[in-house]
Amino acid sequence: MADAKYAKPLPRIDEESKGFWEACQRRELVIQRCAACGALRHYPRALCPTCLSDAVEWVRCSGRGTVYTFTVTHQNQAPGFRDALPYVLAYVELEEGVRLLANIVGCAPEAVRIGMAVQVAFEDATAAVTLPTFAPV
Amino acid sequence: MSLLDRAVIAGVYEHPTRWAPDKTQYQICAEAARGALADAGLTIGDVDGFLTAGVGPIGIMTLAEHLNLTPRFHDATNIGGSSFVAHVLHAAAAIAAGLCETALIVYGSTASSERFAVGTGGLTSGDPPDQFEVPFGPTVLNAYALAAQRHMHEFGTTAEQLAEIAVTMRRHAGLNPRAKYRDPITVADVLASRVVSSPLHLLDCCIISDGGGAIVVTSAERARDLAKAPVRILGGSESLCHTAMGRRDLTDMAAKASGPRALAMAGVDHADIDLCMLYDSFTITVLLTLENLGFCAKGEGGAFVQNGRLGLGGALPTNTDGGGLSSNHPGMRGIFLVIEAVRQLRGECGPRQVADCAIALCHGTGGMLGLRHSGVTLVLGR
């Protein structure tokens, strides 16, 4: 967990998003639900796009999901990623119904399939930032 | 007379270069402006509307200064590569509303000679959703690959079907003396090229070139005594598409909304379209655009693009200049869709001319298909 060595971009955590990232540091995956109309949303934001209410609930997710789509990236010239090739970028569809972007780890990139069951894991990028990743169940 | 029929395209110019290490971006813009105004038979003094994108953070002001323009209408809408298709619509609306009479749309770029990693450079901007994306390594290219993989999974679309799009564009490029890559390729060549981001191979991806272009839009009245026959703007519409709170079907595009509206405004049907100019950042972009515009049903794009349908002489000639896959792609390609359509409608395309081309559809896609993107559809007629 050497901060100075982490070369990939980090999230720019703000007032609207910090609940998500604080949960990741607790090893919890959360998404937002509107307390007024019940709509689930990801990514997090302060106001519900369906009804514009600012009543927010954080829903703790099971962390289980399936791969909705993915790509094995063989070329990315950005620092950090250049050294991590090939890596898997995927949309994971959570049991709760929303999809989030993440990396699939814990298996060979060529083993990843759409529909594959995955479970959240957490990677400490730096002392301040923990990222969600997903691995095959 | 519809709102859009009050404005016409009076002149176009595609910068001939594909490699310009000896020119600046602004020089390419100025040369393109000179070319389009000469094509129209107008002068820089006639320009009172000005539209551009992608020439810098406050590029429209810098470029106006470079050209010594003080337009009374300007628009710097930047929605990625489709921006210039939108600019035609915005210029037409401004002219119809009396905000200006003659609008110049300009683009120029030295992406290739400055070695910009357009599709594979990673993303780092500071917008709110980026923090849920950039840590995981999206690029422009792999964002499109996410949609391609899903389409293959849901509908059985094959790599061979995507490859046929690249092969067709290359065949067209062979008829365009200015195209950057003109040597024919085969489906096997596409499949043998390295996988850049699965399922997309190198030859499924647009090229990077230098280049630029310009378009002059003016009032129908002003166009009556100009150098070339005016090209009519029959209909147009724009749309945006995003992750939709984490629930978007990635095979849906902004084109699904903009296409039907543009056709309805133009009062034409799919069968009336003689030429399609579709943003071809990647082969999947073309296939999905055809489905979303309604040229075929969702999931049927793979079969639709086969057997030469998109080729010259086929039922729906598409990207007759060779497209971004083979002719030119300086980072934002929308302006070239309109330029080629105008030249086809005027019958100026020589060996790649579509016979009796009367109605052309241009569709620009900007941004990233798997994340956020824009779509702008224009229907043009002679």
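Residues numbered from 1 in each chain as written. Chains lettered and ligands numbered in written order. Predicted model: local features only at pLDDT ≥ 70, side-chain atom pairs only at ≥ 80, totals over all residues. Heavy atoms only, no water.

A.B. asks: I'd love a proper account of the packing of helix α1 (residues 25–40) of chain B against helix α2 (residues 59–66) of chain B, names of residues and values included.
C.D. replies: Residue and element names in this part refer to chain B. Running from N to C, α1 and α2 cross one another at 65°; their axes reach a closest spacing of 11 Å. Here α1 and α2 pass one another in a crossing that is right-handed. Counting all contacts with α1, which are made through Tyr26, Gln27 and Cys29, the residues of α2 involved are Thr62, Leu63 and His66. Taken together, the residues that form the contact of α1 with α2 break down as three nonpolar, three polar and no charged. (Axes fitted to C-alpha atoms, helices over the stretch in contact; angles between N-to-C directions. Helix = DSSP H or I, 4+ residues; strand = E, 2+ residues; numbered from the N terminus. Left-handed = near helix turned anticlockwise from the far one by under 90°. Contact = heavy atoms within 4.5 Å. Nonpolar A, V, L, I, M, F, W, Y, C, P; charged D, E, K, R; others polar.)

A.B. asks: So what about the interface of chain B and chain A? Which residues, and what values?
C.D. replies: Each partner contributes to the interface: chain B provides 38 residues, whereas chain A provides 45 residues. Taken together, the two surfaces of chain B and chain A that pack against each other cover about 3,400 Å², and 57% of this comes from carbon and sulfur. Contact with chain A buries surface across chain B, with B:Phe132, B:Phe136 and B:Met245 losing the most and accounting together for 25% of the total. Counting across the chain B and chain A interface gives zero salt bridges. Our count for the contact surface shared by chain B and chain A stands at 24 residue pairs in polar contact (both at pLDDT 80 or more). Listed by contribution, the elements that provide at least two residues to the side of chain B that touches chain A are α4 (140–155) and β5 (195–197) of chain B. Considering every element that reaches the side of chain B that touches chain A, the biggest residue donor is α4(B), with six residues. (Buried area = accessible area lost by both parts, 1.4 Å probe. Salt bridge = Lys/Arg side-chain N within 4 Å of Asp/Glu carboxyl O. Polar contact = N/O pair within 3.5 Å; in protein donor to acceptor, adjacent residues only side chain to side chain.)

A.B. asks: So what about the pattern of salt bridges? Which residues, and what values?
C.D. replies: Evaluation of the coordinates by the stated rule reveals 27 salt bridges over all chains. Taking the shortest distance from any N to any O, the salt bridge between A:Arg33 and A:Glu57 comes out at 3.1 Å. With a gap of 24 residues between them, A:Arg33 in strand β1 (residues 30–34) and A:Glu57 in strand β3 (residues 56–60) connect regions that are remote in the sequence. Overall, the relative accessible area of 33% leaves A:Arg33 in the partly exposed class. Its relative accessible area of 33% is what places A:Glu57 among the partly exposed residues. Put simply, B:Lys228 and B:Glu348 hold a salt bridge, and the shortest N to O gap is 3.4 Å. Remark: B:Glu348 occurs in the loop between α11 (334–345) and β10 (359–367) and B:Lys228 occurs in the loop between β7 (211–219) and β8 (231–241); sequence separation between them is 120 residues. A single network of salt bridges, built from pairs that share partners, joins B:Asp39, B:Lys228, B:Arg343, B:Arg346 and B:Glu348. (Buried < 20%, exposed > 50% of the residue type's maximum accessible area, 1.4 Å probe, protein only.)

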